[in-house]
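Topology and contacts: notes
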Protein chains: 4
Amino acid sequence: MPETIKVTVWNEYDDHQKIPEIASVYPDGMHNAIAGFLNKESGISAGVSIITDPEQGLSHQILDDTGVLIWWGHIHHGAVQDDLAKRVVEKVQRGMGIIFLHSAHQSKPFMGLLGTTGRLGWREAREKSRVWTASPAHPIADGVPEQFLLDNEEMYSEPFGIPEPDATVFISWFEGGNVFRSGVTFQRDLGRIFYFQGGHETFPTYHNPHVQRIITNAVKWAKPTMRAPSLDCPNMEALEKIKG
Amino acid sequence: MPETIKVTVWNEYDDHQKIPEIASVYPDGMHNAIAGFLNKESGISAGVSIITDPEQGLSHQILDDTGVLIWWGHIHHGAVQDDLAKRVVEKVQRGMGIIFLHSAHQSKPFMGLLGTTGRLGWREAREKSRVWTASPAHPIADGVPEQFLLDNEEMYSEPFGIPEPDATVFISWFEGGNVFRSGVTFQRDLGRIFYFQGGHETFPTYHNPHVQRIITNAVKWAKPTMRAPSLDCPNMEALEKIKG
Amino acid sequence: MPETIKVTVWNEYDDHQKIPEIASVYPDGMHNAIAGFLNKESGISAGVSIITDPEQGLSHQILDDTGVLIWWGHIHHGAVQDDLAKRVVEKVQRGMGIIFLHSAHQSKPFMGLLGTTGRLGWREAREKSRVWTASPAHPIADGVPEQFLLDNEEMYSEPFGIPEPDATVFISWFEGGNVFRSGVTFQRDLGRIFYFQGGHETFPTYHNPHVQRIITNAVKWAKPTMRAPSLDCPNMEALEKIKG
Amino acid sequence: MPETIKVTVWNEYDDHQKIPEIASVYPDGMHNAIAGFLNKESGISAGVSIITDPEQGLSHQILDDTGVLIWWGHIHHGAVQDDLAKRVVEKVQRGMGIIFLHSAHQSKPFMGLLGTTGRLGWREAREKSRVWTASPAHPIADGVPEQFLLDNEEMYSEPFGIPEPDATVFISWFEGGNVFRSGVTFQRDLGRIFYFQGGHETFPTYHNPHVQRIITNAVKWAKPTMRAPSLDCPNMEALEKIKG
């Protein structure tokens, strides 16, 4: 029997999310909504942590017990402590999977892992978005239709400041005339990374069954194949005789 | 002074292109229209060849004198002789650059070089297309705006059957709700490859200054860095003593 | 319970392999040796087919029942019929996994899928080779040590005529002074591809437990995520209203 | 006439480099040796800056006037100020090219741009190294032979903690039994990155004509195609009418 994948859904959740417009869509916060649908999947066990927890919810204990971290942040990117952002980066390098959602494209761990700015264009206009599957055979697209509609999304637009992805899984169309690589994968040392654009806090994107399927698939795809306590630079003995 | 880049614009041009709807847009054929704007660029010398020429316009003499081949074909893909398609593939592997335009996504040389089907969805509805620059620093995007409009295009849609590109330079938006990776690069052995979606035969796409800029840039980018008469498998002497 | 992966190990096996030097290492042929260790793995069911079988062992019936095809060929590359090589290419594009071993780097399906020459340097000198794991977290490297020794290998050398791989899993060192990207992955449409250099016919490479582990891992990695009966170009209805 | 490429060769150079073993090989420091051969090339103008200069030699004035920065550092990685390392990362994202040499694989800008650890194995044993050209058509390999010998090198070994490169240009063989991807390229936003392994401070690697050719080629390849004063996230107006 395959081992259970432990997921932690991290959110900058705090008072700002208790404003009525958000609370009406995600009464318990997006993190609990996401953990909720993940916990319905056999083989996944999801918990949550938030920025107001001790060590901003990013203690060694939590991260070392996490197979895949899901990151949602937006207006509090700057409040995440540098040392904790660096800790997340290192845990990914040592094997932890990570899924960045929506506005996490400019979180410190995203920029730290990708080495780019994550810049993009944006617009809040309650516009239609269509998510197209560009790589139908990718495990993250398993069971996802050729395209699906999100009635209201915050628009994110190219040019998107990312390295050329290992796989371009989804590309989105926006009613107002824009396109965006909305689902992309990367590898950094031992850890797998997936970014997914969907999910503005005032829209019910995480209640959409296709989005839930994508995130669930991504958790399974990003689960660690191995974890290393450290990745240093060993002084290696010669395997063959050196004449010198 | 940099060497002049010799370009050959190949077209399946024949009677079918003399039908009024096409002739009104490209009176001398698309190949001559493309060669025409390329020849205005200093450092580029462009000629043409067509499928009704001897050896279907793909003689060794022509190809060996061609730095970058531009390929436009559509309804006559099957008429290109297998041995000549293979010859084109080999010339690219040995260093010749190639630019595939529009419906060339299922030409024999395209599929032979990429190893994929080139499949895509399509629609002829005179719809608007917006070409977005996803990689603004790529040489092929030099001088191309963040996005530009084509009033009428044949729609090409994801999923596009290509390997993950070396660079995703352009992604297009279509009025009818589709997206498409419309400008992508690849390398095969010594040769550079660029595919560009724009260019249905009954629309004036190749008269658009941004499209002309893209194709001109692509010619400069795809020019050979080296050419090899053959790429075989040499039996190599040992450089170091083998104890055996 | 995960579905059993059906593997077919294809070999050009014929009289030439019955020569004593080869038969002493692989009395039943390499294909049976490879199928033998794969069949010890739960979840894998491996059969064999050879070039002297009907339809050269590549009938639709066999290929449609094969999740992952393993290909070993060398001196009879040219004898594989073009239409059957094309059939293999298409089955991979439609989802079948394929593993190319050793001299399969210039088989028709390899060149057809990669679009490159597969050229390399070579030497038969019974020299030592060390296989280094460049991507330790890749599923194909699971349980494979940082490096391992093959006492005698045919040397394969860079430059290796392949596209830049999706993942460079292994790189080999050769006693005579050469290096080679000996384990590389690619994706073509729906199908996964792994090339592994090890395995000259007169050396017991396929009896090495690390090599067996690599091939077993590769089978699990390359198993289809989906299969399509065809990959054509659908005429798509508009999803959004086109003003025209 | 093409514009002159301005290069700055940065070195952590200080008292430690004045020790006799190093000074006998590079009397004026490696930075001056590298600038020296670059300045012999028409179209390149190279200066130097070192860690003991104001702002550690990384002032805005210097970096904004630098087309390609060459970075050599080793035992003083930790002494580079975080804000200055971040400044270098941002200048690269905004278009400046960068070449990391040898032990710069764990400099702050390298890790900041790649998002990986840069970990590797190493050995100081005055052993032979052979640099193999894996991508002969890459501009950085222009004029570089299929392989060349360095009589004495510090050994760097796989596994090398880098993302899968955009291009694997060189792979090195080491006498003691190791291999290493010794020349690799990356893109981060608008900036090009090249890492080259050769160059231990007590060996005359930078006096080798092939190494000089590689670095010269890399400067030409990495020169900016465009530079942006900033890369932020614009709020974009809709291009098409949104029904809302």
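Small disclaimer: the values here were computed from a predicted structure and weren't measured.

**A word on the overall build of chain A**
- Summing up its helical and strand segments, chain A has 6 helices and 9 strands in all.
- With respect to the three principal axes, the spread of C-alpha positions in chain A is 70 × 40 × 40 Å.
- The buried share of chain A, taken over its 244 residues, is 64%.
- Taking the contacts inside chain A whose residues are at least 6 apart along the sequence as the reference set, 72% of them involve residues at least 24 apart.
- Total accessible area on chain A is roughly 8,500 Å²; 50% of this is exposed by carbon and sulfur atoms.
- Taking the average location of the 22 positive side-chain charges in chain A and that of its 30 negative ones, the two points are 5 Å from each other.

**Considering the interface of chain A and chain D**
- Every contact between the two is made by 44 residues of chain A and, on the other side, 44 residues of chain D.
- In total, about 3,300 Å² of surface goes out of reach between chain A and chain D, with carbon and sulfur atoms giving 53% of it.
- Considering each element in turn, the side of chain A that touches chain D owes the most residues, 6 residues, to strand 5 (residues 121–133) of chain A.
- Tallied by class, the residues present in the side of chain A that touches chain D amount to 15 nonpolar, 16 polar and 13 charged.

**So, the interface of chain C and chain B**
- With 44 residues of chain C at the contact, the number on the chain B side is 44 residues.
- Of the roughly 3,300 Å² buried where chain C meets chain B, counting both sides, 53% is carbon and sulfur surface.
- The three residues of chain C that bury the most area against chain B are Trp122, Cys233 and Met236 of chain C, which together make up 18% of that side's buried surface.
- Run the count over chain C and chain B and you get 0 salt bridges.
- Elements represented by at least two residues in the side of chain C that touches chain B include exactly helix 5 (108–114), strand 5 (121–133), strand 6 (147–157) and strand 8 (179–188) of chain C.
- The greatest single-element share of the side of chain C that touches chain B, amounting to 6 residues, is contributed by strand 5 of chain C.
- When the residues that make up the side of chain C that touches chain B are grouped by side-chain class, the tally is 15 nonpolar, 16 polar and 13 charged.

**Brief notes about the relation of the copies chain A and chain D**
- The transformation that overlays chain A on chain D combines an axial shift of 0.0 Å with a rotation of 180°, and the residual RMSD is 0.0 Å. Accordingly, the operation relating the two chain copies is best matched by a two-fold axis. The rotation axis passes nearest to the C-alpha of Gly115 of chain A in chain A, at a distance of 2.7 Å.
- Looking at chain A, 100% of its interface residues are interface residues in chain D too, so the copies touch through the same face.

**A word on helix 4 (residues 82–93) of chain B**
Residue and element names in this part refer to chain B.
- An ideal rise of 1.5 Å per residue puts 16 Å on 12 residues; helix 4 measures up with 17 Å between its terminal C-alpha atoms.
- For helix 4, every residue scored as buried is listed here: Leu84, Ala85, Arg87, Val88, Val89, Lys91, Val92 and Gln93.
- In this structure, the buried residues of helix 4 make contact with helix 3 (60–64), strand 3 (68–72), strand 4 (97–101), helix 5 (108–114), strand 8 (179–188) and strand 9 (191–196).
- Residue Gly95 follows helix 4 closely and has a positive phi angle near 130°.

**A look at a positive patch on the surface**
- On the surface, Lys241 and Lys243 of chain A together with Lys241 and Lys243 of chain B cluster together into a positively charged patch.
- For Lys243 of chain A, the position within the fold is in the segment after helix 6 (209–222).
- Judged by its relative accessible area of 60%, Lys243 of chain A is exposed.

**So, the sheet that holds strand 3 of chain B**
Residues and elements named next belong to chain B.
- Overall, mixed pairing links the 9 strands, which are arranged 2-1-3-4-9-8-7-5-6 in an open sheet. Only two strands of the sheet have a single neighbouring strand rather than two, namely strand 2 (44–50) and strand 6 (147–157). The sheet shows a mean angle of 25° between the axes of neighbouring strands, taken without regard to direction.
- Bridge count for strand 3 against strand 4 is 4 bridges, and the pairing is parallel. Counted as the bridge partner of Leu69 is Ile98 from strand 4.
- The strands touched by helix 4 within the sheet are strand 3, strand 4, strand 8 and strand 9, with strand 9 carrying the most contacts at an inclination of about 120°.
- In the packing of helix 6 (residues 209–222) onto the sheet, the strands contacted are strand 1 (5–11), strand 2, strand 3, strand 4, strand 6, strand 7 (167–174), strand 8 and strand 9, and the crossing angle to strand 9 comes to about 165°.

**Regarding the relation of the copies chain C and chain B**
- When chain C is brought onto chain B, the operation consists of a screw motion whose angular component is 180° and whose axial shift is 0.0 Å, with 0.0 Å RMSD remaining.
- When you check the interface residues of chain C against chain B, 100% turn up at the interface there too, and the contact is symmetric in its surfaces.

**Considering the pattern of salt bridges**
- If you walk through the whole model with that rule in mind, you get 44 salt bridges over all chains.
- Between Arg123 of chain A and Glu127 of chain A there is a salt bridge whose closest N-O contact spans 2.9 Å. An identical accessibility class is assigned to Arg123 of chain A and Glu127 of chain A; each is buried.
- What emerges from the salt-bridge pattern is a single network uniting Lys128 and Arg130 of chain A together with Glu240 of chain C.

**Side note on the sheet that holds strand 5 (residues 121–133) of chain D**
Residue and element names in this part refer to chain D.
- Here 9 strands make up an open sheet; going across it, the order is 2-1-3-4-9-8-7-5-6 and the pairing mixed. At either margin of the open sheet sits one strand with a lone partner, and together these are strand 2 (44–50) and strand 6 (147–157). Taken over all neighbouring pairs, the strand axes of this sheet differ in orientation by 25° on average, direction set aside.
- Note: strand 8 (residues 179–188) against strand 9 (residues 191–196), 6 bridges, orientation antiparallel. Looking at the pairing, Arg188 lines up with Gly191 of strand 9.
- Contacts between helix 2 (residues 30–38) and the sheet are confined to strand 1 (5–11), strand 2, strand 3 (68–72) and strand 4 (97–101), with strand 2 contributing the most and set at about 170° to the helix.

**Quick notes on the packing of aromatic side chains**
- Across all of its chains, the model carries 38 aromatic pairs over all chains by this definition.
- Taking 4.4 Å as the distance between ring centres and 35° as the angle between the ring planes, the aromatic pair formed by Phe160 of chain A and Phe180 of chain A counts as tilted. In this pair, Phe160 of chain A sits in the loop between strand 6 (147–157) and strand 7 (167–174) while Phe180 of chain A sits in strand 8 (residues 179–188), placing the two residues 20 residues apart along the sequence. Pair check on accessibility: Phe160 of chain A and Phe180 of chain A agree, each one buried.
- Plain terms: the ring middles of Phe170 of chain C and Phe196 of chain C are 6.1 Å apart, the flat faces sit at 80° to each other, and that makes the pair edge-to-face. With Phe170 of chain C in strand 7 (residues 167–174) and Phe196 of chain C in strand 9 (residues 191–196), this residue pair connects regions lying 26 residues apart in the sequence. For the residue pair Phe170 of chain C and Phe196 of chain C, the accessibility class agrees, reading buried in each case.

**Considering the pairing of strand 6 of chain C**
Residues and elements named next belong to chain C.
- Strand 6 sits mainly inside the fold: 8 of its 11 residues count as buried.
- Where strand 5 lies against strand 6, 8 bridges are found, and the strand directions are antiparallel. Following the sheet pairing, Trp132 is matched in strand 6 by Gln147.

**Thoughts on helix 2 (residues 30–38) of chain B**
All names here are of chain B.
- The set of residues buried in helix 2 consists of Met30, His31, Ile34, Ala35, Phe37 and Leu38. Axial view of helix 2: buried residues confined to an arc of 170°, hence all on one face.
- Those residues of helix 2 that are buried are in contact with strand 1, strand 2, strand 3, strand 4 and helix 6.

**Things to note about unusual backbone geometry**
- Of the consecutive residues Glu158 of chain A and Pro159 of chain A, the connecting peptide bond is found in the cis state with omega at 0°.
- Relative to the assigned elements, Pro159 of chain A resides in the loop between strand 6 and strand 7.
- Its identity is not glycine, yet Asp189 of chain B carries a phi of approximately 50°, on the positive side.
- Within the element layout of this structure, Asp189 of chain B appears in the loop between strand 8 and strand 9.
- What makes Asp189 of chain B buried here is its relative accessible area of 12%.
- Unusually for a residue other than glycine, Glu55 of chain C sits at a positive phi of about 50°.
- Relative to the helices and strands, Glu55 of chain C resides in the loop between strand 2 (44–50) and helix 3 (60–64).
- On the basis of relative accessible area, Glu55 of chain C is assigned to the partly exposed category, the value being 41%.

**With respect to the confidence of the model for chain A**
- With 98% of its residues at a pLDDT of at least 70, chain A reaches an overall mean of 95.
- Overall fold confidence (pTM) sits at 0.98, and the ipTM for the predicted complex is 0.96.

**Some remarks on the side chain of Glu127 of chain B**
- Inspection of the secondary structure assignment puts Glu127 of chain B in strand 5 (residues 121–133).
- Looking at Glu127 of chain B, its side chain comes within polar contact range of the side chain of Arg123 of chain B, at 2.9 Å.
- Separated by 2.7 Å, the side chain of Glu127 of chain B and the backbone nitrogen of Gly176 of chain B make a polar contact.
- In this structure, Glu127 of chain B is in contact with Leu150, Asp151, Asn152, Glu153, Met155, Phe174, Glu175 and Gly176 of chain B together with Ile242 of chain C, ignoring residues within four places of it in sequence.

Reading the values: rules and limits
- Residues numbered from 1 in each chain as written.
- Chains lettered and ligands numbered in written order.
- Predicted model: local features only at pLDDT ≥ 70, side-chain atom pairs only at ≥ 80, totals over all residues.
- Heavy atoms only, no water.
- Helix = DSSP H or I, 4+ residues; strand = E, 2+ residues; numbered from the N terminus.
- Buried < 20%, exposed > 50% of the residue type's maximum accessible area, 1.4 Å probe, protein only.
- Contact = heavy atoms within 4.5 Å.
- Areas by Shrake-Rupley, 256 points an atom, 1.4 Å probe, with all protein chains shown as cover.
- Lys, Arg positive; Asp, Glu negative; His and termini not counted.
- Charge placed at Lys NZ, Arg CZ, Asp CG, Glu CD.
- Buried area = accessible area lost by both parts, 1.4 Å probe.
- Nonpolar A, V, L, I, M, F, W, Y, C, P; charged D, E, K, R; others polar.
- Salt bridge = Lys/Arg side-chain N within 4 Å of Asp/Glu carboxyl O.
- Least-squares fit on C-alpha atoms with pLDDT ≥ 70 in both.
- Expected span 1.5 Å × (residues − 1).
- Patch = residues over 30% accessible without salt bridge, like charges linked within 9 Å, V, L, I, M, F, W, Y side chains within 5 Å.
- Pairing = 2+ DSSP bridges.
- Axes fitted to C-alpha atoms, helices over the stretch in contact; angles between N-to-C directions.
- Phe/Tyr/Trp six-rings, centres within 6.5 Å; stacked < 30°, edge-to-face > 60°.
- Arc of directions from axis to C-beta.
- pLDDT = per-residue confidence, 0-100.
- Polar contact = N/O pair within 3.5 Å; in protein donor to acceptor, adjacent residues only side chain to side chain.

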